[in-house]
Amino acid sequence: MEVYVDHAATTPLDPQCLEAMLPFYREDFYNPSSLYRGGQLVRGKMEENRRFLAEAWGCSPEELFFTSGGTEGDNLAVLGAFRARKGRHLIVSAIEHHAVLEAAAQLEQEGARVTYLPCGPDGRIHPDTLRAAMTPETDLVSVMWANNETGALQPVEELCAIAHEGGALFHTDAVQALGTQAIRLDRLPADLMTVSSHKVYGPKGVGVLFVRQGVPVQPLQFGGQQERKLRGGTENPAGIAGFAQAVRLLQTQREERCRHQEGLAARLLEELDGLPQMRVNTPLGTSVPGVLNLSFVGVESEPLLIRLGMRGISASMGAACNSKTVEPSYVLQEMKVPPEYIRGSVRISIGKDNREEEIVYLAQQLREAVSRLRR
């Protein structure tokens, strides 16, 4: 049996998203910056999709900038906004995606002071921690909405309010949150937000950066006037169409998907109940539905995943961006998970199309693989 449970890394392209994309590879292949009829037709369809996304998320179309995905969006938000303000002090959580952490490291090299907020044992940032870190020089705060390794949801509304009280901008990486959380930017007053298509059954290579009106951001790349001079380069109308269709499907299916994924995650834990020296690192009840970070003492993550892979199961250790390295998870280290558990951690991320029999099979193979490796 083939079982894919790595949806936090990427999701399969929904057939309806593919259908929405195909015309842009056939008859509507034109460059949207071209002045002739074909180019302007494609431009019109692309702007129609921008207006739809803005309506879905409760913002203005002029506040949405198309990017190549989450990494570019995070880089543009952190580097672009901080540099535009001639920033002095940046605050990020210590469990951010590397797209934020490495952008922060770059700003440190440029002379900025960076504060890394610790998380609690549940993988969440306590608002008081941010309040204590704020200074009159703080220009930008960046805290992800949902963690990519544990699924832990952060109290972004409270964190945003604290940042604004101190006169700082607030950015949230919502890449892992988009598929399960109701995003309304007319309620969450974030200044910048990053989302990506391929985490919600849309195509790879396309994302959106939300920049609230009036927030200055410096571009990171040059050579074109696209995206109102913030993000040069020919836009991806096919990818944008696929992303918009993925969000359309989300609007009607999100709650059902969440119930389905949450139910299967509960079933997996039920099937694994009684397995000795197993730890659940995901804070159940305050996490993304369907994501489980599990640890097993006496087991190494890599051979465990290889054994599961030989049985047709696709899972991961955490961030797919770091899958070529076998370093201990910095997220679990920040959570103060004991080292013997960190060494044997895996992330199971369940999707909308997983079935109960797949979860039962996964549990059986996990039990068998852990037992064999321990022996």
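This text goes with the structure placed above it.
As the structure is a computational prediction, the values presented were derived from the model and not from experiment. (Residues numbered from 1 in each chain as written. Predicted model: local features only at pLDDT ≥ 70, side-chain atom pairs only at ≥ 80, totals over all residues. Heavy atoms only, no water.)

Asks: Go over empty space enclosed by the protein, please, and point to the residues and values.
Replies: Counted under the stated rule, the structure contains 1 cavity of 30 Å³ or more. The volume enclosed by the largest cavity comes to roughly 220 Å³. The class makeup of the residues in the lining of the largest cavity is 8 nonpolar, 9 polar and 2 charged. (1 Å grid on protein atoms, 1.4 Å probe; cavity = no way out; pocket = protein on both sides within 12 Å on 5 of 7 lines; lining within 4 Å. Points joined across faces, edges and corners; volume = space filled by probe spheres on them. Nonpolar A, V, L, I, M, F, W, Y, C, P; charged D, E, K, R; others polar.)

Asks: Please set out the environment of V297 residue by residue, giving values where relevant.
Replies: By the secondary structure assignment, V297 is in the loop between β10 (291-296) and α8 (301-310). Put simply, V297 and V370 are 73 residues apart on the chain and 9.0 Å apart in space, counted from C-alpha to C-alpha. Leaving out residues up to four positions away in the same chain, V297 has contacts with Q277, E340, Y341 and R374. (Helix = DSSP H or I, 4+ residues; strand = E, 2+ residues; numbered from the N terminus. Contact = heavy atoms within 4.5 Å.)

Asks: Pulling in residues and values, what's your account of the sheet that holds strand β12 (residues 345-349)?
Replies: On the basis of which strands lie adjacent, the open sheet formed by 3 strands has the order β9-β10-β12 and antiparallel pairing. Unpaired on one side and paired on the other, β9 (278-280) and β12 mark the two borders of the sheet. Ignoring strand direction, the axes of neighbouring strands in this sheet form an average angle of 25 degrees. Of the strand pairs in this sheet, β9 and β10 are connected by 3 bridges, and their pairing is antiparallel. Bridge pairing in β10 places R279 opposite S295. (Pairing = 2+ DSSP bridges. Axes fitted to C-alpha atoms, helices over the stretch in contact; angles between N-to-C directions.)

Asks: Quick one: what's the story with unusual backbone geometry, residue by residue and with numbers?
Replies: A positive phi is found at K86, a non-glycine position, where the angle reads about 50 degrees. Within the secondary structure, K86 sits in the loop between α3 (70-84) and β3 (89-93). The residue Q277 is not glycine, and still its phi comes out positive at about 55 degrees. In this structure, Q277 sits in the loop between α7 (237-272) and β9.

Asks: Break down the nonpolar core for me, with residues and values.
Replies: Within the largest apolar cluster, 84 residues are counted, with the highest numbers of intra-cluster contacts made by W57, L90, V141, W145, F170 and F243. Looking at this core, the element that brings in the most residues is α7, giving 7 residues. Setting aside its immediate chain neighbours within four residues, L90 contacts V78, F82, A104, L107, R113, V114, T115 and L140. Core analysis: the next-biggest nonpolar cluster, separate from the first, contains 27 residues, A265, L308, I313 and I359 among them. (Core = buried A, V, L, I, M, F, W, Y, C linked by side-chain atoms within 4.5 Å. Buried < 20%, exposed > 50% of the residue type's maximum accessible area, 1.4 Å probe, protein only.)

Asks: Describe the sheet that holds strand β6 (residues 169-173), with residues and values.
Replies: Taken in spatial order, the 7 strands make up an open sheet running β2-β8-β7-β6-β5-β3-β4, and their pairing is mixed. Two strands close off the open sheet at either side, each with one partner strand: β2 (64-67) and β4 (113-117). Within the sheet, the average angular offset between the axes of one strand and its neighbour, ignoring direction, is 20 degrees. Strand direction decides the pairing type here: β6 and strand β7 (residues 192-196), joined by 3 bridges, are parallel.

Asks: Go over the side chain of S329 with me, naming the residues and quoting the values.
Replies: Tracing the chain through its elements places S329 in the loop between β11 (313-314) and α9 (330-334). By relative accessible area, which is 11% here, S329 ends up buried. A polar atom in the side chain of S329 sits 3.3 Å from the backbone nitrogen of V331. One polar contact links the side chain of S329 to the main-chain amide nitrogen of L332, over a distance of 3.1 Å. When sequence neighbours within four positions are dropped, the list of residues in contact with S329 reads E149 and I342. (Polar contact = N/O pair within 3.5 Å; in protein donor to acceptor, adjacent residues only side chain to side chain.)

Asks: Please give an account of the packing of α7 against helix α11 (residues 356-374) that cites residues and values.
Replies: Direction vectors running N to C along α7 and α11 enclose 35 degrees, while the axes themselves pass 9 Å from each other. When you trace α7 past α11, the crossing you get is right-handed. In this structure, α7 uses L264, R267, L268, E271 and L272 to contact α11, whose residues at the interface are E356, I359, V360, L362, A363, L366 and R367. The residue makeup of the contact of α7 with α11, split by class, is 8 nonpolar, no polar and 4 charged. (Left-handed = near helix turned anticlockwise from the far one by under 90°.)

Asks: Go over the packing of helix α2 (residues 37-57) against α7, please, and point to the residues and values.
Replies: Interhelical geometry of α2 versus α7 gives an angle of 30 degrees and a closest axis separation of 10 Å. Relative to α7, α2 is oriented roughly parallel. In the crossing of α2 with α7, the sense of the turn from one axis to the other is left-handed. Here α2 contributes V42, M46, N49, F52, L53, A56 and W57 to the contact with α7, which in turn contributes P237, I240, A241, F243, A244, V247, R248 and Q251. Across the contact of α2 with α7, the residue classes tally to 12 nonpolar, 2 polar and 1 charged. (Parallel < 35°, antiparallel > 145°, perpendicular 65-115°, else oblique.)

Asks: An account of the state of the cysteines is needed here, citing residue identities and associated values.
Replies: The tally for this structure, following the rule as stated, stands at 0 disulfides. With no disulfide partner, C17 has as its closest neighbouring cysteine sulfur the one in C258, 17 Å distant. Judged by relative accessible area, which is 0%, C17 ranks as buried. For C258, a relative accessible area of 12% puts it in the buried group. (Disulfide = S-S within 2.5 Å.)

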